[in-house]
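These are the residues of each chain, in order.
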Amino acid sequence: MSVNGSQRVDLEVVANLIPPQSRVLDVGSGDGSLLELLQDTKQVDGRGMELSQRGVNECVARGLSVIQGDADKDLEFYPDKGFDFVVLSQTLQATRNPKLVLDELLRIGNRAIVSFPNFGHWRVRLSLFVKGRMPVTQDLPYSWYDTPNIHFCTIRDFVNLCEELGATVEKATALDAAGQKIGLSMPWWFWNFFGQQAVFLLKR
């Protein structure tokens, strides 16, 4: 989980997409906040993968079943449709090959849930236009030289990637800067401009 957020407003949105007693794989578990939330509120059969040893230690300390692994390399070892849901929460932009990782999520899970910061948000555009510098925001808190995020994308970019992979968007939610959901009736361009982050439920 690469975006540092003390107030991870996307976690509740993700949790609401997962029925109780589901089999869940959380890729990029971070400190285990999402898995702990899911186990406490949905009694899921949860497993996790986290790149950093520190994150794995924090997860284990919470009593979570999380192993150390790299989403770019280690997802291939999981069986087809081994989980009901595979979650990639605020991690896609930190992977070296986002297309391959998303393809693997869709293979491993009956459904995939992906959340990510939207690089098309108006504050990002304004920062680039006015300051001529890479933006630093609540959802993108790192400077360009020390960020783990190497593949930024917009909501429109992600939708295009889903189309390339033959993935169906079953549900999508865009959140504004206050963490409020943007109306479902709004067009993609509106989400792309005003959504600070997005959560997608996918199936293939």
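An unreviewed UniProt entry lists the protein chain under the name Methionine biosynthesis protein MetW, with Mesorhizobium jarvisii given as the organism.

Enquirer: Please clarify how helix H7 (residues 155–164) should be interpreted in this entry.
Expert: Since one α-helical turn is 3.6 residues long, residues separated by three or four positions face the same way. Of all the residues in H7, the buried ones are Ile155, Phe158, Val159, Leu161 and Cys162. Within H7, the buried residues cover an arc of 160° as seen down the axis, which keeps them to one side. In this structure, H7 carries Glu163 and Glu164 as exposed residues pointing more than 90 degrees from its buried face. Remark: Gly166 follows H7 within two positions and exhibits a positive phi of approximately 70°.

Enquirer: I tried to follow the pattern of salt bridges on my own but got confused; where do I start?
Expert: Where charged atoms from two side chains of opposite charge approach closely, those side chains can pair. Evaluation of the coordinates by the stated rule reveals twelve salt bridges. With a shortest N-O distance of 3.8 Å, Glu58 and Arg54 are connected by a salt bridge. In this pair, Glu58 and Arg54 both sit in helix H3 (residues 53–61), four residues apart, roughly one turn of the helix. For Arg54, a relative accessible area of 65% translates into the label exposed. One network of salt bridges, in which partners are shared, links Asp31, Glu36 and Arg62.

Enquirer: What is the right way to look at the side chain of Ser115 in this model?
Expert: Note that Ser115 resides in strand S5 (residues 109–117). Residue class for Ser115 comes out buried when judged on its relative accessible area of 1%. For Ser115, the contacting residues outside a window of four places in its chain are Arg8, Asp10, Leu88, Ser89, Gln90, Thr91, Ala198 and Val199.

Enquirer: Would you explain the environment of Gly166 in this entry?
Expert: Structurally, the position occupied by Gly166 is in the loop between H7 and strand S6 (168–175). Taking C-alpha positions, Gly166 is 9.8 Å from Leu106, a pair spaced 60 residues apart along the chain. Residues contacting Gly166, with those up to four places away along its chain left out, are Lys203 and Arg204.

Enquirer: Please explain the environment of Ser33 as it appears in this structure.
Expert: Among the structural elements, Ser33 can be located in helix H2 (residues 33–42). Spatially, the C-alpha atom of Ser33 lies 8.2 Å from that of Leu11, the residues being 22 residues apart in sequence. Contact partners of Ser33, with chain neighbours within four places excluded, come to Leu11 and Arg62. Side-chain polar atoms of Ser33 contact the side chain of Asp31, separated by 2.6 Å.

Enquirer: Honestly, the sheet that holds strand S1 (residues 23–27) in this entry has me stumped. Any pointers?
Expert: Backbone-to-backbone hydrogen bonds pair the strands of a sheet. The strands run either parallel or antiparallel. On the basis of which strands lie adjacent, the open sheet formed by seven strands has the order S3-S2-S1-S4-S5-S7-S6 and mixed pairing. Either end of the sheet is taken by a strand with one partner, and the two such strands are strand S3 (66–68) and S6. Each neighbouring strand pair of the sheet contributes to a mean axis angle of 15°, computed without reference to strand direction. Across six bridges, S5 lies against strand S7 (residues 197–203) in antiparallel orientation. Bridged to Pro117 within S7 is Gln197. Where H3 meets the sheet, its contacts fall on strand S2 (45–50) and S3, and the angle it forms with S3 comes to roughly 160°.

Rules of the game
Residues numbered from 1 in each chain as written. Predicted model: local features only at pLDDT ≥ 70, side-chain atom pairs only at ≥ 80, totals over all residues. Heavy atoms only, no water. Buried < 20%, exposed > 50% of the residue type's maximum accessible area, 1.4 Å probe, protein only. Helix = DSSP H or I, 4+ residues; strand = E, 2+ residues; numbered from the N terminus. Arc of directions from axis to C-beta. Salt bridge = Lys/Arg side-chain N within 4 Å of Asp/Glu carboxyl O. Contact = heavy atoms within 4.5 Å. Polar contact = N/O pair within 3.5 Å; in protein donor to acceptor, adjacent residues only side chain to side chain. Pairing = 2+ DSSP bridges. Axes fitted to C-alpha atoms, helices over the stretch in contact; angles between N-to-C directions.

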